[in-house]
Amino acid sequence: MTYKTGELDITNKTRCAQTSAATAPEPARMKKFAVYRWDPEKPGDKPKMQTYEVDLNTCGPMVLDALIKIKNEMDPTLTFRRSCREGICGSCSMNIGGSNTLACLCKIDDNLGKATKIYPLPHMYVIKDLVPDMSNFYAQYRSIEPYLKKKDGSDKNIGDKQYLQTTGDRAKLDGLYECILCACCSTSCPSYWWNSDKYLGPAVLMQAYRWMVDSRDDYTSERLFQMEDRFSVYRCHTIMNCTKTCPKGLNPGLAIGEIKKMLAKYNSKEAKQLAQA
Amino acid sequence: MAAMIRASFGKGSALLTNNAALLSSRLQPVVVTQLSHTSTRSQTGDIAYKEMEEFWEKNRRLNRPLSPHLRIYNPELTSMLSLCHRATGIAMAVTVPFVAATLLGLPGDFSSYIEYIKDLHLNPAILTAAKYVLAFPICYHYINGIRHLAWDWAIGFDLKTTYQSGYFVMALALLVTAGFVHLL
């Protein structure tokens, strides 16, 4: 027997012992996935559901693993967003089994008798298959100016000194900064479905609150004043679908409640003067 | 333009509700710039609102389908209780004035109509069911209203408390309804 460098005769013997002791191949566990399909490049195509069968024994545990397996082995035209596969980038947000989550964090339901239904995020314009147009969502995020704004004016000394913050003030940002802007919450909100042009939605509002409550930011009153109309905040009717569906376990409903409380208490006349100065 | 902005702050708000109705029928939304505080908007805000307008224009032009929503989304306790609150509210807001106005207009007083219903000799099960239907909205809406008041003070927003209070409110509302029907 010729050996390659480093190989032991023992490994061959144990390998043979293992394979002879191995059981017969496990019966395939076939799970059905019903996926929303729509192709913009097929003229006159209507959105429809397409069912795929996946052997769970040769597939990873998460829905994203199944989607990738389908795309690799069965249907390369299946289109969906994905990146980190660990629940931190927010790309693979979609409606699985009736609820919005991240596909990479959603375990496949083992019940082989039921098909898992996969839809794109609800009430969004569909670019293709499971890919929604997120531009409105991002534009709304941009509109709340999600960056630190200081009032001392000069840009010369930025970065020279650290902006100090007490541990208590830093703790106020916990549960707010972790948002990955996956849009699961906003697209679970019926109010956002009916008013996505004017109502900002839970994700954007939670980030607005994150900047309002950051002790280092000097523009709290102006940020609150920006919300002084019938639609930006007040379309929230505390339905609380947002908190129920957040795949990161955050609470946008609470953030919106706190914004409403702040709006009731702050000095709006002063803020108006400041904003228009 | 200034008039439209002034209108957006409360007084001319019919303009906004009309446009909301238009949007839900997927016609062109007109009001995005009306809401912005154009006098105080920064450059970032300008870019954002321009992007929003481009979004609506592009998606209308490409005639993209809207992903399904009501028919596919899971009925959650949160959304179902909220729907119940809205439905009972609308039901009461419509029937109470209507019944009151009708009774005002019709001859005889309230008790003569109760006598009339008694004389119909309806199956008591139907009468009990009708009493449940009449009593439930006020009980549920009132008790869930207290939950809403707590939320207005940002109390009880975490998911566990929301669910616990939700189950409690529904159970209590059914209990109080049963109490009204059978004990009064």
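What counts and what doesn't
Residues numbered from 1 in each chain as written. Chains lettered and ligands numbered in written order. Predicted model: local features only at pLDDT ≥ 70, side-chain atom pairs only at ≥ 80, totals over all residues. Heavy atoms only, no water. UniProt positions renumbered as here; feature names shortened; annotations may be inferred. Contact = heavy atoms within 4.5 Å. Buried area = accessible area lost by both parts, 1.4 Å probe. Salt bridge = Lys/Arg side-chain N within 4 Å of Asp/Glu carboxyl O. Polar contact = N/O pair within 3.5 Å; in protein donor to acceptor, adjacent residues only side chain to side chain. Helix = DSSP H or I, 4+ residues; strand = E, 2+ residues; numbered from the N terminus. Nonpolar A, V, L, I, M, F, W, Y, C, P; charged D, E, K, R; others polar. Buried < 20%, exposed > 50% of the residue type's maximum accessible area, 1.4 Å probe, protein only.

As recorded in an unreviewed UniProt entry, chain A goes by Succinate dehydrogenase [ubiquinone] iron-sulfur subunit, mitochondrial and comes from Magallana gigas. What the UniProt record of chain A gives under Function (unreviewed entry) is the line "Iron-sulfur protein (IP) subunit of succinate dehydrogenase (SDH) that is involved in complex II of the mitochondrial electron transport chain and is responsible for transferring electrons from succinate to ubiquinone (coenzyme Q)." Here is the UniProt Pathway (unreviewed entry) comment for chain A, exactly as written: "Carbohydrate metabolism; tricarboxylic acid cycle; fumarate from succinate (eukaryal route): step 1/1."

**Student:** Mind laying out the interface of chain A and chain B, listing which residues take part and the relevant values?
**Tutor:** Where the parts come together, the accessible area they lose is often given as the size of the interface. Of the residues lining the interface, 55 residues belong to chain A; the matching set on chain B comes to 51 residues. Counting the surface chain A buries against chain B, the share from its top three residues, Tyr125, Arg142 and Asp197 of chain A, is 15%. At the boundary of chain A and chain B, one finds three salt bridges. A salt bridge links Lys244 of chain A to Glu76 of chain B; the shortest N-O distance between them is 3.7 Å. For the pair chain A and chain B, the interface holds 17 residue pairs in polar contact (both at pLDDT 80 or more). For the side of chain A that touches chain B, the secondary-structure elements that each account for two or more residues are strand E4 (99-102), strand E6 (126-128), helix H3 (135-143), helix H5 (190-194), helix H8 (241-245), helix H9 (252-265) and helix H10 (268-276) of chain A. In terms of residue count, H3 of chain A provides more of the side of chain A that touches chain B than any other element does, six residues in total. When grouped by side-chain class, the residues that make up the side of chain A that touches chain B number 21 nonpolar, 23 polar and 11 charged.

**Student:** Describe the pattern of salt bridges, with residues and values.
**Tutor:** Residue and element names in this part refer to chain A. Throughout the structure, instances matching the rule amount to 21 salt bridges over all chains. A salt bridge links Lys48 to Asp45, with the nearest nitrogen and oxygen atoms 3.8 Å apart. By relative accessible area, which is 40% here, Lys48 ends up partly exposed. The shortest N-O distance in the salt bridge between Glu145 and Lys149 comes to 2.5 Å. By relative accessible area, which is 10% here, Glu145 ends up buried. According to the relative accessible area criterion, Lys149 is buried, its value standing at 18%. Several salt bridges share partner residues, and in doing so they unite Arg37, Asp75 and Asp129 into one network.

**Student:** Just give me the short version of unusual backbone geometry, but keep the residues and values in it.
**Tutor:** If you check the backbone angles, Asp129 of chain A has positive phi at about 45° while not being a glycine. Within the chain, His121 of chain B stands out as a residue other than glycine whose phi angle is a positive 50°. Of note, His121 of chain B is situated in the loop between helix H6 (110-119) and helix H7 (124-152). Judged by relative accessible area, His121 of chain B falls into the exposed class, the value being 67%.

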